[in-house]
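Chain by chain, the residues run as shown.
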Amino acid sequence: MAIAGDAIVPEDIKDDITRFMQDGFIGPVKLYEPDEAAEMLREVRVKNQDTTHSVFKNSMNYDRHLDIPELSQHVTHPTILKYLNAIFGPDVLSWRTEFFAKFPGSRGTEWHQVRDYSYATGKPQLLPTATDWNAYIDITVWTTFTPATKRTGCMKFVRGSHRERIFDESKSPVRGREAHYAADHVTTFTKETGFYGYDFSDFAVDPNWEPRPEDVAEVEMQPGEALIFTASCVHGSLPNITERETRFAITSRYVPTHVRVYPNQDSYTAHGQDFDLKDYGAVLVSGRDTYGHNRLRTTNVHGEPFAVKNTH
């Protein structure tokens, strides 16, 4: 896999980008001081309770950067964009954010690998138009706002696995697309499969696959730090074995502007939840959109403009 031909890699992160290409992930990368992270988490928790203006009327908390101002700013964080421009090139869209809370006693999230996010519905949610799949077309920035340790359920990766197809999303899973997850997706996530009702082993190319122990990295992090990875790098998380500590992280997901997001879809159903896309729009966070493949939002629901990094 290769970074974009027009990507500019600053000298101070060249080693990071080399490691990203080798391993499929890098980090921790510091975004906020711990006290900043704590304050941001307080604001997000309070504002998360008000779903009046959220674009999706369900309990999944997707894309709250469109209505929570702190998250509107987070998706355009300069350090995030610095790394994205070094991988994707100048023109970048933010297409999704999600919350990941791992409560005391929650089991670990099983190994999984995602390319076009068709595992959820059977239809691709991302479709590249200017590159093949050997290019990076989707980057996740996983930011923790509490300590992410081996006890609270830190992330884990299989180094170099982004160069192999270990899971095949085109396969039909035994479970995960049933409607009954709508009423119980939190319980299902924390107590059963660790992946919102999906058993990702259903997608395994080789049902007996196990990573080599020397390739597994368990990454502990402090509040305000981020991991940057391609979802095609096999990843998961450890269980939260504490009695009182909740690990809370927010992912922001990005694609280059040539990628079509939710191609030919006005709505979709995933994790037992319905997503009406009428108020949804991807956010241009850097450069220009010369393709026009996607509906864009230039402001959040409060009319506050998203900051766009000018890279031209």
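Residues numbered from 1 in each chain as written. Predicted model: local features only at pLDDT ≥ 70, side-chain atom pairs only at ≥ 80, totals over all residues. Heavy atoms only, no water.

Trainee: How would you explain the side chain of Glu-98 if you had to name every residue and give the values?
Mentor: Within the fold, Glu-98 resides in strand S2 (residues 92-102). A polar contact is formed between the side chain of Glu-98 and the side chain of Arg-253, at a distance of 2.7 Å. Those residues within four positions of Glu-98 in sequence are excluded, and the remaining contacts are Asn-61, Tyr-62, Ala-249, Ile-250, Thr-251 and Arg-253. (Helix = DSSP H or I, 4+ residues; strand = E, 2+ residues; numbered from the N terminus. Polar contact = N/O pair within 3.5 Å; in protein donor to acceptor, adjacent residues only side chain to side chain. Contact = heavy atoms within 4.5 Å.)

Trainee: Hey, could you go over the pattern of salt bridges for me, with residue numbers and the actual values?
Mentor: Overall, the coordinates contain 17 salt bridges when judged by the stated rule. Where Glu-70 meets Lys-47, a salt bridge forms, and the shortest distance between an N and an O atom there is 2.8 Å. With Glu-70 in helix H3 (residues 69-74) and Lys-47 in helix H2 (residues 34-48), the pair connects residues that are 23 residues apart, well separated along the chain. Given the relative accessible area of 19%, Glu-70 is considered buried. The partner of Glu-214 in a salt bridge is Arg-212, with the nearest N and O atoms 3.5 Å apart. Through salt bridges with shared partners, one network takes in Glu-43, Lys-47 and Glu-70. (Salt bridge = Lys/Arg side-chain N within 4 Å of Asp/Glu carboxyl O. Buried < 20%, exposed > 50% of the residue type's maximum accessible area, 1.4 Å probe, protein only.)

Trainee: Lay out the pairing of strand S11 (residues 267-270) in plain terms, naming residues and giving numbers.
Mentor: Only one face of S11 is covered, namely the one carrying Tyr-268 and Ala-270; the face carrying Ser-267 and Thr-269 has none of its residues buried. Pairing between S11 and strand S12 (residues 273-276): four bridges, direction antiparallel. Following the sheet pairing, Thr-269 is matched in S12 by Asp-274. (Pairing = 2+ DSSP bridges.)

Trainee: I'd like a description of the packing of aromatic side chains, backed by residues and values.
Mentor: Counted by the stated rule, this structure contains 14 aromatic pairs. Between Phe-56 and Phe-275, the aromatic rings sit 5.1 Å apart at their centres with planes inclined by 80 degrees, giving edge-to-face as the arrangement. Taken together, the residues Phe-56 in the loop between H2 and H3 and Phe-275 in strand S12 connect sequence positions 219 residues apart. Across the pair, exposure class does not vary: Phe-56 and Phe-275 are buried alike. With centroids separated by 5.9 Å and ring planes inclined at 75 degrees, the aromatic side chains of Phe-167 and Trp-209 adopt a geometry described as edge-to-face. (Phe/Tyr/Trp six-rings, centres within 6.5 Å; stacked < 30°, edge-to-face > 60°.)

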